[in-house]
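Here is how the chains run, residue by residue.
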Amino acid sequence: MRTGSRWARLLGVEETIVDGVAVDEEEEAIVASVKPHQRQRNRCGRCGERSGRYDAGEGRRRRRALDLGTIPASLEAEAPRVNCGEHGVVVAGVPWARHDARFTKSFDDQTAWLTTHSAKSTVSSLMRGVWRRVGGIISRVAAEAETLMDRFAGLREIGIDEIRDRKGQNYLTVVVGHKRRRLVWAAPGRDTKTLSKFFERLGGGGARASNALGLSNALVESTNTTIRLLMRQAFGFRDPAALIGLALVSLGGLCPPPPGRP
Ligand SMILES: [Zn+2]
């Protein structure tokens, strides 16, 4: 194995060429200079389609990676822009990070896993004060997992309920699937309009969907209790999408395994 490949393995990145590794004395961190494999270059950051290069963007961009032992690590690379047929001028995607992320995929995945398994203070301490960014991390991880898995497949019996926060000001409508005992869908709001969004996603028309309805209060209640706990943990998330992401990652079977432990 070449030295560059060894570094890529250590840093938990794929389809990535490691050009060099240096120590940033000021930040007391290891900084790896990287670039995507040839076939991963000039791709739209949003959809991944190969696109024409637009310009050099705003120069080199650094992203936090998982620590190497006890030392913080970052990846640094050019961040050119491409012109995508669908999304216009966007920063090119890179194989080591999700679009618009300040962290590598492995860092996102580990943080998401930890958030669903431990307390806020544990996540913050182990991932070095990342809590402020956890909302964004969870939203990205949940959105990607959703594209890889059809949570609506084989859905026959569901339970629907609404949950309100402690102040009684914010509501979430949640749908639980019985067969897999998982949270299938959640959205802010409590009215018919909110629920109609679920039936739109489910497809097949309202009649079929309403025939498929079946309620199990015990399952819905236990899911709701967990979501209420998550709502408390998600204190500080600015966007309700992050809370829903956290609920789906925790209860919807969307949580990625920690990096290197499939
Ligand atoms: Zn695109």
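Quick caveat: nothing in here was measured; it's all calculated off a predicted structure.

Visitor: Just to check I follow, could you spell out the pairing of strand β7 (residues 88-91) for this structure?
Guide: Both strand β6 (residues 81-84) and β7 contribute to a ladder of four bridges, which runs antiparallel. Opposite Cys84, over in β7, you have Gly88 as the bridge partner. The loop that links β6 with its antiparallel partner β7 comprises three residues.

Visitor: Would you explain the sheet that holds strand β8 (residues 158-164) in this entry?
Guide: Within a sheet, neighbouring strands are paired by backbone hydrogen bonds and run either parallel or antiparallel to one another. Spatially, three strands are ordered β8-β9-β10 in an open sheet, and the strand pairing comes out antiparallel. If you trace the sheet from one side to the other, it starts and ends with β8 and β10 (182-188), each paired once. Across the sheet, the mean angle separating the axes of adjacent strands is 20 degrees when strand polarity is ignored. Sheet contacts for helix α5 (residues 192-202): β8, β9 (171-177) and β10; angle to β10, the most-contacted strand, approximately 135 degrees.

Visitor: What is the right way to read the domain arrangement of the protein chain from this model?
Guide: As a measure of interface size, the accessible area lost when the parts come together is often cited. Assigned domains of the protein chain: these are domain 1 (1-97) and domain 2 (103-253). Taken together, the contact pairs ten residues of domain 1 with seven residues of domain 2. Put simply, the parts of the chain that give the side of domain 1 that touches domain 2 at least two residues each are β4 (60-68) and β5 (71-78). By residue number, the principal contributor to the side of domain 1 that touches domain 2 is β4, which donates four residues. The class makeup of the residues in the side of domain 1 that touches domain 2 is seven nonpolar, one polar and two charged.

Visitor: Quick question: what am I supposed to make of helix α4 (residues 131-148) here?
Guide: Since the α-helix advances by 3.6 residues per turn, residues separated by three or four positions end up pointing in the same direction. Under the 1.5 Å per step criterion, the end-to-end length of α4 is 26 Å for 18 residues, consistent within 8% with the ideal 26 Å. Here α4 has its buried residues at Val134, Gly135, Gly136, Ile137, Ile138, Ser139, Arg140, Val141 and Ala142. In this structure, the buried side of α4 is in contact with α2 (105-117), α3 (120-126) and α8 (240-251).

Visitor: In this structure, what is going on with the packing of α4 against α8? I would like to understand it.
Guide: Packed helix pairs are specified by the crossing angle of their axes together with the interaxial distance, meaning the distance between the axes. It is at 8 Å that the axes of α4 and α8 come closest, and there the two elements cross at 55 degrees. On the basis of their axis angle, the class for α4 and α8 is oblique. For the crossing formed where α4 meets α8, the hand is left-handed. Between α4 and α8, the residues in contact are Gly135, Gly136, Ile138, Ser139, Val141 and Ala142 and Ala241, Ala242, Gly245, Leu246, Leu248 and Val249, respectively. Its residues assigned to classes, the contact of α4 with α8 comprises eight nonpolar, four polar and no charged.

Quick notes on the rules
- Residues numbered from 1 in each chain as written.
- Predicted model: local features only at pLDDT ≥ 70, side-chain atom pairs only at ≥ 80, totals over all residues.
- Pairing = 2+ DSSP bridges.
- Helix = DSSP H or I, 4+ residues; strand = E, 2+ residues; numbered from the N terminus.
- Axes fitted to C-alpha atoms, helices over the stretch in contact; angles between N-to-C directions.
- Contact = placed C-beta atoms within 7 Å.
- Domains from an automatic or database assignment.
- Nonpolar A, V, L, I, M, F, W, Y, C, P; charged D, E, K, R; others polar.
- Expected span 1.5 Å × (residues − 1).
- Buried ≥ 20, exposed ≤ 12 C-beta atoms within 10 Å, placed from the backbone.
- Parallel < 35°, antiparallel > 145°, perpendicular 65-115°, else oblique.
- Left-handed = near helix turned anticlockwise from the far one by under 90°.

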